[in-house]
Amino acid sequence: MKYIQVKFTAEPDSQDVRDIIAALTGEIGFDSFTDEPDRLVGYCQEDLFNEDTLTETLHNLPLPDVTVTFTANQAEDKNWNEEWEKAGFEPIIIDNRCAIVCKNMEEEAIANYPQLETIPMKILIDAQQAFGTGTHETTQMIVSLLLNQDLKDKRVLDCGCGTGILGIVAAKCGAKEVVSYDIDEWSVRNAEHNAELNGVELDVLEGDKRVLSHVSGVFDVILANINRNIILEDIDEFVSVMTTDSKIILSGFYEQDAETILQKANDLGLKESQRLLNHDWCCLLLEHQ
């Protein structure tokens, strides 16, 4: 698989700026990033790369005082998945109740992070690509909210499941059934693999919101860690598989987008009951009014 390597230079540069660049370019095909001292480097499969789309995305960056330039070149021809697997990621500990650990670094993590012994829930994830490892703030916020929900015997839907972390957490919190879906074939396979690693069952479907027409029944909790535009397009479908007692947890967007999402949610009979913030990222818990 051939990749395009893109070097992003931001002025002024900061970790928050790099996170936003990664999030927005991730929506147009980029699937891994590395930090260098003076730039962010992103990788996009060659057949998904479109320079005009990238230019427009960076032009619409929601940071008016930041300028981003980039250079794009053919990446060295190597097995990038193998490289990312070797790199792995450090353990992510959420509220001292859940730890997300890279499967390829499990022994090293246990040796270097003795506090892992006291964490009641451990999730193993194969770091086959950079996305979906739990390192992103939005994933961590949803996990934090999930840990405080009563999921025993509940039915959970995970929309845009990625590597399956959220569904795995829900299953470990007592959910009786977790249905997940993603448009990416790789994500479907990887979510199934990670569920097996963690000894839980996920029913993982390939597709977008239209897969819900093939799923029977309603859900007690719906999770969606996806971007603002898809949330606005799909939230009607989410509501169609909710009951009056169901809850929905949304993230993947910035706090400045929360009011737009809440306006649409209010029109559908939902209200905000809790909000978490991490840097500029937002997570909303919604319930019926």
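Data block above holds the structure.
The text that follows walks through the structure, step by step, so that each part is easy to find. These numbers were taken from a predicted model, which means no experiment stands behind them. (Residues numbered from 1 in each chain as written. Predicted model: local features only at pLDDT ≥ 70, side-chain atom pairs only at ≥ 80, totals over all residues. Heavy atoms only, no water.)

Turning our attention to the side chain of Arg155. Here Arg155 lies in strand E8 (residues 155–159). Since its relative accessible area comes to 11%, Arg155 is described here as buried. One polar contact links the side chain of Arg155 to the main-chain carbonyl oxygen of Ser216, over a distance of 2.8 Å. Separated by 3.1 Å, the side chain of Arg155 and the backbone oxygen of Val218 make a polar contact. (Helix = DSSP H or I, 4+ residues; strand = E, 2+ residues; numbered from the N terminus. Buried < 20%, exposed > 50% of the residue type's maximum accessible area, 1.4 Å probe, protein only. Polar contact = N/O pair within 3.5 Å; in protein donor to acceptor, adjacent residues only side chain to side chain.)

Among the structural elements, Pro120 can be located in the loop between helix H4 (106–112) and strand E7 (121–125). Those residues within four positions of Pro120 in sequence are excluded, and the remaining contacts are Asn96 and Arg97. (Contact = heavy atoms within 4.5 Å.)

Let us now look at the packing of aromatic side chains. Within a pair of aromatic rings, the relevant descriptors are the distance that separates the centres and the angle that separates the planes. Using the criterion set out here, one finds five aromatic pairs in the structure. For the pair Phe8 and Phe30, a centre-to-centre distance of 5.8 Å together with 55° between the ring planes defines the contact as tilted. On the criterion of sequence distance, the pair formed by Phe8 in strand E1 (residues 3–11) and Phe30 in strand E2 (residues 30–36) is long-range, its members being 22 residues apart. Taken individually, Phe8 and Phe30 each receive the classification buried, so the pair is uniform in this respect. Both rings, one in Phe30 and one in Phe49, keep their centres 6.4 Å apart while their planes meet at 75°; by these two values the pair is edge-to-face. Taken as a pair, Phe30 in strand E2 and Phe49 in the loop between strand E3 (39–45) and helix H2 (51–59) lie far apart in primary sequence, 19 residues in all. Of the two residues, Phe30 and Phe49, neither departs from the other in class, the shared state being buried. (Phe/Tyr/Trp six-rings, centres within 6.5 Å; stacked < 30°, edge-to-face > 60°.)

For the rest of this paragraph, the subject is helix H7 (residues 185–197). Across its 13 residues, H7 extends 19 Å between first and last C-alpha, which sits within 8% of the 18 Å expected from 1.5 Å per residue. Where H7 is concerned, the buried positions are Trp186, Ser187, Val188, Asn190, Ala191, Asn194 and Ala195. In the core, the buried residues of H7 are packed alongside E7, helix H6 (165–172), strand E9 (177–182) and strand E10 (203–206). Following H7 by one or two positions, Gly199 has its phi on the positive side, about 70°. (Expected span 1.5 Å × (residues − 1).)

Glancing now at the nonpolar core. Note that soluble globular proteins tend to have their nonpolar side chains buried in a common cluster. Counting residues in each nonpolar core, the largest one holds 60 residues, and the members touching the most others are Phe8, Ile21, Ile100 and Val169. Looking at this core, the element that brings in the most residues is H6, giving six residues. Contact partners of Phe8, with chain neighbours within four places excluded, come to Ile21, Thr25, Phe30, Arg39, Leu40, Gly42, Leu54, Leu58, Val68, Thr69 and Phe70. (Core = buried A, V, L, I, M, F, W, Y, C linked by side-chain atoms within 4.5 Å.)

The next point concerns the sheet that holds strand E4 (residues 67–74). With antiparallel pairing, four strands are arranged side by side in an open sheet as E2-E3-E1-E4. Sheet topology places E2 and E4 at the edges, where each strand pairs with a single neighbour. The sheet shows a mean angle of 25° between the axes of neighbouring strands, direction not considered. This element, helix H1 (residues 15–26), spans E1, E2, E3 and E4 of the sheet and lies at about 160° to E2. (Pairing = 2+ DSSP bridges. Axes fitted to C-alpha atoms, helices over the stretch in contact; angles between N-to-C directions.)

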